[in-house]
Amino acid sequence: MTGPVLVVGGGPAGLAAAEALSGVGRNAVLVEKEDRLGGAPILSGYAKLVPTGEWAKDAIGGMAARVEADAAVDVRTGCTVKEFGGEPGAFTATLSDGSTVEAPAAILCTGFTHFDSVNKPEWGFGSFPDVVTTTQVEQMISSGQGVRCPSDGRTPKRVAILLCVGSRDRQIGREWCSKICCTVSANIAMEIREELPDCHVYIYYMDIRTFGLYETSYYWRSQEEFKVKYIKARIAEVTSDGERLIVKGEDTLVKRPITIPFDMVVHAIGMDPNVDNLLLSSIFGVELEPHGNIARQSAYGGMGRTSRPGVFVAGAATGPETIDDSIAQANAAAIAALGAGRAATGPKAARKAA
Amino acid sequence: MPIHEQSLIRPENIRTHDELVLDGIDVSGHWSTFIEPRVVTDYNEALEDEIAALPGGENIHRCWQCGSCTNSCTVNAVNPDFNPRYWIYLIRMGMESELLRDRDIIWQCVSCNKCTYACPRDVEPEGVMKATAHWLEKKGHTPKSPSIIFDEIFADQVIARGKIEESSIIRKFLKRTGQPLMQDWLIAMARGLLMKLPVGLMRRMGLAMLFRPRTAGWSKARAALEEYVEECEREQRRALGLGNGKPE
Ligand SMILES: Cc1cc2nc3c(=O)[nH]c(=O)nc-3n(C[C@H](O)[C@H](O)[C@H](O)COP(=O)(O)OP(=O)(O)OC[C@H]3O[C@@H](n4cnc5c(N)ncnc54)[C@H](O)[C@@H]3O)c2cc1C
Ligand code: SF4
Ligand code: SF4
Ligand code: SF4
């Protein structure tokens, strides 16, 4: 069983899978639907990443550059898989550019789609220009422009970050926690305070999920060093008095309604299943789990297996994931893919065959 | 106009104008009664920094509202309105008007430090209570509490002489807090001392009352202490936005 492994999606997971395969001397074909590699951190222009603080364009851009320069990886940007058939060890994929790829295995690293805040109209996105999303703030920082109110370019004096926008919300059919947005919000809050020391940042939360080691480096650091305020309230409505935004809700710890003026409101948007997942599910013949992500077969052993033997999955395609976990999963899936369609050898296998 | 659920409304939120004419119609008295909303409409962003600038308040920003302090509090057991956890939150979020509603009970902290030992975040709530009581007083929201008056008299005497002489402290304290000198407990204590104290000690106490001895060579130490106290005062007044930074 030779031939390149098919990797679909060129985000952190896909790049890591391709790099891992090349590292053990196996070729890969990397199919990416956009015109460049890097996935969400590059395509959406993230700034400094959790947890290393490296700029996305250096960290993930560096991964993309390594893969592009790698002779073992055949990169196809602006390209998708149209048809996919065959058996583990001998699949054939037809690409949108008309070419075909013979591959023993495939790894789906097709990632997620950002929640579109227009679906929560009560929080003002689309109605008021100074209501923005975490990705927009990431772009303001990464472009070097700085955090400014889009309406008139002024520096905000007070910013509210609303957590769980598009997550943990039955009303819009999204019951999952997007896992990284609490930490990303604490990170953004610190970046705002660093750039604009006179600007106060308030985070409105239902729970804070800066899990594991992020407790100290994000949750407490943002409060102790950067004086970011956390208020337990799910905001009811964002309106405007004509000059500033008005954030309405209940401060649950004091049982009091609040209507507080802000210059800028930031939605900590969640991670939706990739909008392509139904299509991917039918093309590759893989099942989706109830939320609409690509379902994993097993959590213990056989990492990254899908419902179809020989087709694997890694990263945010399986549900909300961090970059480092996506990369780890991609490495695990690469190992699993190398073994696909191969019979085991060695003493135990020989005994079994006898 | 009678308000039926009056018990549910904060008295200070009920407004009536004794004389008010609107569009030529006399709505004086009950006719103009209205209820101010309970809504919090702004945060005072300076509040947390101000408390943190006073001794004891430094760690207030560490609080995660677990309630261990209130749960363990000596005073809370007697008065459920005494709630350090709640005040710490109001201060952190800058809800000044809410804090001021409790101005008359905050100083009741007895400094037992049970909260300090219970707090998982090392906030030292006892210190925060002290800082808050000082803040209320410095901002003119409360008169000086008896314990602050006592501290001042005590510190003044130490700075002046390098020594303390209890009877004069007690006399000054009773005078400044408007209490009669002849307190039952004081008389009982004096009588006890007279009966049980060795004669030599009694003599020394009596002499100290009359001649107010100083620690030898104290004037240098006194100058240094005074300078330091003044500097702290200045800094605190500056942090609290109280004018020129000169001590009162
Ligand atoms: C605002 C925000 C900030 C974040 N910040 C951080 C952070 O600081 N640190 C961190 O660890 N995580 C962060 N995350 C999470 C991070 O974005 C994900 O962990 C990461 O992008 C997952 O990588 P991935 O490769 O699995 O998916 P993606 O990054 O989504 O990449 C998927 C790739 O597949 C391509 N693709 C999709 N469908 C197809 C198809 N049908 N055919 C071909 N190609 C396709 C896409 O174009 C994309 O290039 C953040 C998330 C958000 C929303
Ligand atoms: S990580 Fe935080 S903001 Fe994101 S969905 Fe979960 S709880 Fe909400
Ligand atoms: S020190 Fe004050 S606040 Fe703390 S437990 Fe004792 S009385 Fe309560
Ligand atoms: S015990 Fe400490 S952390 Fe808990 S509410 Fe009191 S001050 Fe805050």
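Predicted model, so just to flag it, every value in this text is computed and none were measured.

Rules used in this analysis
- Sequence positions are assigned chain by chain, starting from 1 and proceeding in written order.
- To read the labels, note that chains go from A and ligands from 1, taken in the order they are written.
- Thresholds applied to this predicted model are a pLDDT of at least 70 for local features of residues and 80 or more for the giving and counting of side-chain atom pairs; totals over whole chains, interfaces and linings are not thresholded and use all residues.
- As a rule here, side-chain values cover all heavy atoms of the structure and leave hydrogens and water aside.
- Strands here are runs of E lasting at least two residues and helices are runs of H or I lasting at least four, both read from the DSSP assignment and numbered beginning at the N terminus.
- Every radius of gyration here is taken over C-alpha atoms, with the globule rule written as 2.2 Å times N^0.38, N being the number of residues.
- Buried residues are those whose accessible area, probed at 1.4 Å on protein chains only, stays under 20% of the maximum for their type, while exposed residues exceed 50% and partly exposed ones sit between those limits.
- The contact criterion used is simple: two residues touch if any of their non-hydrogen atoms lie within 4.5 Å.
- Here the accessible surface of atoms and residues is derived via Shrake-Rupley with a 1.4 Å probe, and residues count as covered only by protein chains that are part of the display.
- Asp and Glu count as negative and Lys and Arg as positive, but His and the ends of the chain are not part of the count.
- Throughout, a charge is located at the NZ atom of Lys, the CZ atom of Arg, the CG atom of Asp or the CD atom of Glu.
- A simple way to read buried area is as the amount of 1.4 Å-probe accessible surface that goes missing from two parts once joined, with both sides added.
- The term salt bridge refers to a pairing of a side-chain nitrogen on Lys or Arg with a carboxyl oxygen on Asp or Glu at a separation within 4 Å.
- Under this grouping Gly is polar, as are all residues other than the nonpolar Ala, Val, Leu, Ile, Met, Phe, Trp, Tyr, Cys and Pro and the charged Asp, Glu, Lys and Arg.
- Pairing between strands requires that DSSP locate at least two bridges from one strand to the other.
- Here the term patch refers to residues with relative accessible area over 30% and no salt bridge, with like charges joined within 9 Å and nonpolar side chains (Val, Leu, Ile, Met, Phe, Trp, Tyr) within 5 Å.
- By this rule the span expected of a helix is its residue count minus one, scaled by 1.5 Å.
- Take the seven residues that end at a residue and the seven that start at it, fit an axis to each, and the angle between those axes is the bend at that residue.
- To get an axis, fit a line to the C-alpha atoms, keeping to the stretch in contact for a helix; angles then go from 0 to 180 degrees between the N-to-C directions.
- Think of it this way: a Phe, Tyr or Trp ring, Trp meaning its six-membered ring, pairs with another when their centres are within 6.5 Å, and the plane angle makes it stacked under 30 degrees, edge-to-face over 60, tilted otherwise.
- The criterion for a charge sitting over a ring is simple: Lys NZ or Arg CZ within 6 Å of the ring centre, and within 35 degrees of the ring normal.
- We call a residue near a given molecule or strand whenever any one of its heavy atoms falls within 4 Å of it.

Trainee: Is there a simple way to explain the overall build of chain B in this structure?
Mentor: A count of helical and extended segments in chain B gives 13 helices and 4 strands. Whereas a compact globule of 248 residues would reach a radius of gyration of roughly 18 Å, chain B reaches 24 Å, over 25% beyond that. In terms of its C-alpha atoms, chain B occupies a principal-axis envelope of roughly 80 × 40 × 40 Å. Buried positions account for 36% of the 248 residues belonging to chain B. Sequence-distant contacts, at least 24 apart, represent 56% of the contacts inside chain B between residues at least 6 apart. Accessible area for chain B stands at about 15300 Å²; split by element, carbon and sulfur atoms hold 57% of it. Across chain B, the 32 positively charged side chains and the 35 negatively charged ones have centroids separated by 12 Å.

Trainee: How do you make sense of the interface of chain A and chain B when you look at a structure like this?
Mentor: How big an interface is tends to be reported as the loss of accessible area on association of its parts. In this complex, chain A contributes 25 residues to the contact, which on the side of chain B involves 23 residues. Note on chain A versus chain B: buried area summed over both sides is about 2200 Å², and carbon and sulfur give 50% of it. For the interface between chain A and chain B, the tally reads 5 salt bridges. The partner of Glu224 of chain A in a salt bridge is Arg121 of chain B, and the shortest N-O contact between them spans 2.6 Å. Among the elements of the structure, strand E11 (200–205), helix H6 (214–224), strand E12 (229–232) and strand E15 (256–262) of chain A are those that each provide at least two residues to the side of chain A that touches chain B. For the side of chain A that touches chain B, the leading source of residues is E15 of chain A, giving 7 residues. Of the residues that constitute the side of chain A that touches chain B, the class distribution is 13 nonpolar, 3 polar and 9 charged.

Trainee: What's the story with the pairing of strand E5 (residues 90–95) of chain A in this structure? I'm lost.
Mentor: All names here are of chain A. Burial along E5 is one-sided: the face carrying Phe91, Ala93 and Leu95 is buried and the face carrying Ala90, Thr92 and Thr94 is not. The sheet contact formed by strand E4 (residues 81–87) and E5 spans 6 bridges and is antiparallel. In the sheet register, Phe84 faces E5, and the bridge partner there is Ala93. Joining the antiparallel neighbours E4 and E5 is a turn of 2 residues, in which Gly89 adopts a positive phi near 95°. With antiparallel pairing between neighbouring strands as the criterion, E5 and strand E6 (residues 100–103) make up a hairpin whose turn holds 4 residues, including Gly98 at a positive phi of roughly 95°.

Trainee: Sorry if this is basic, but what is going on with the pattern of salt bridges here?
Mentor: Opposite charge on two side chains allows them to pair when their charged atoms are near. All names here are of chain A. Counted under the stated rule, the structure contains 33 salt bridges over all chains. Among the ionic pairs, Glu122 bridges to Lys120, the shortest N-O distance being 3.1 Å. Between Lys179 and Glu321 there is a salt bridge, with the nearest N and O atoms lying 3.0 Å from each other. Of the two residues, Lys179 sits in the loop between strand E10 (158–165) and helix H5 (181–195) while Glu321 sits in the loop between strand E18 (311–313) and helix H8 (323–339), which places them 142 residues apart along the sequence. Residue classification places Lys179 among the partly exposed residues on the basis of a relative accessible area of 27%. Among the residues examined, Glu321 registers a relative accessible area of 11% and is labelled buried. One connected set of salt bridges, linked through shared partners, spans Asp130, Asp152, Arg154, Arg244 and Asp263.

Trainee: Explain a nonpolar patch on the surface to me, please; I cannot follow it from the model alone.
Mentor: Residue and element names in this part refer to chain B. A surface patch of nonpolar side chains, amounting to about 380 Å² of accessible area, comprises Trp185, Met189, Leu193 and Met205. For the nonpolar patch, the leading source of residues is helix H11 (residues 184–196), giving 3 residues. Along the chain, the position of Trp185 falls in helix H11. Accessibility expressed as a relative area gives 47% for Trp185, which makes it partly exposed.

Trainee: What is the right way to look at helix H3 (residues 56–68) of chain A in this model?
Mentor: One full turn of an α-helix is made of 3.6 residues, so residues set three or four places apart face in the same direction. Residue and element names in this part refer to chain A. End to end, H3 covers 17 Å across 13 residues, agreeing with the expected 18 Å (1.5 Å per residue, within 8%). The largest bend in H3 is about 30°, located at Gly62. Listed as buried for H3 are Ala56, Ala59, Ile60, Gly61, Gly62, Met63, Ala64 and Val67. On the buried face of H3, the contacting elements are helix H1 (12–23), strand E2 (28–32), helix H2 (39–43), strand E3 (73–77) and H8.

Trainee: Would you take a moment to explain the sheet that holds E11 of chain A for this structure?
Mentor: Strand pairing in a sheet relies on backbone hydrogen bonds, with the paired strands running either antiparallel or parallel. Residues and elements named next belong to chain A. The 5 strands lie next to each other as E9-E16-E10-E11-E12, forming an open sheet whose pairing is parallel. This sheet does not close on itself; its edge strands, each paired only once, are strand E9 (131–133) and E12. Between one strand axis and the next, the sheet turns by 25° as a mean value, whatever way the strands run. As defined by bridge partners, E11 adjoins E12 across 4 bridges and the pair is classed as parallel. Within the sheet, the bridge partner assigned to Tyr204 lies in E12 and is Ile231.

Trainee: What's the story with the packing of aromatic side chains in this structure? I'm lost.
Mentor: Two measures describe an aromatic ring pair: the distance that separates the ring centres and the angle between the ring planes. For the coordinates displayed, the defined rule picks out 14 aromatic pairs over all chains. Ring-pair connections join several aromatic residues into one group, and the members of that group are Tyr205, Tyr219, Trp220 and Tyr230 of chain A together with Trp64 of chain B. Sitting over the ring of Phe262 of chain A, Arg158 of chain A keeps its end group 5.9 Å from the ring centre. For the cation-ring pair, Arg121 of chain B lies above Trp64 of chain B, with the distance from its terminal atom to the ring centre recorded as 5.6 Å.

Trainee: Is there a simple way to explain the environment of Asn331 of chain A in this structure?
Mentor: All names here are of chain A. If you trace the backbone, Asn331 turns up in helix H8. With 311 residues separating them in the primary sequence, Asn331 and Ala20 have C-alpha atoms 6.1 Å apart. Discounting residues that sit within four places of it in the chain, Asn331 has contacts with Ala16 and Ala20.

Trainee: What am I meant to see in the site of ligand 4 here?
Mentor: Residues and elements named next belong to chain B. Around ligand 4, a shell composed of 14 residues is seen, among which Cys63, Cys66, Gly67, Cys69 and Cys119 lie nearest. Within the residue set of the shell around ligand 4, elements represented by two or more residues are helix H2 (68–72) and helix H4 (84–93). Looking at the shell around ligand 4 residue by residue, the class counts come to 9 nonpolar, 3 polar and 2 charged.

Trainee: Quick question: what am I supposed to make of the site of ligand 2 here?
Mentor: All names here are of chain A. Around ligand 2 sit Leu163, Cys164, Ser167, Arg168, Cys177, Ser178, Lys179, Ile180, Cys181, Cys182 and Arg209, and those are all the residues in its vicinity. Among the secondary structure elements, those contributing two or more residues to the shell around ligand 2 are E10 and H5. Here the residues of the shell around ligand 2 sort into 6 nonpolar, 2 polar and 3 charged.

Trainee: How should unusual backbone geometry be read in this particular structure?
Mentor: Note: most peptide bonds trans; most residues except glycine with negative phi. A cis geometry characterises the amide bond from Val50 of chain A onward to Pro51 of chain A, with omega recorded as 0°. Locating Pro51 of chain A in the fold gives a position in the loop between H2 and H3. The residue Asp23 of chain B is not glycine, and still its phi comes out positive at about 50°. Positionally, Asp23 of chain B belongs in the loop between strand E2 (21–22) and strand E3 (25–26).

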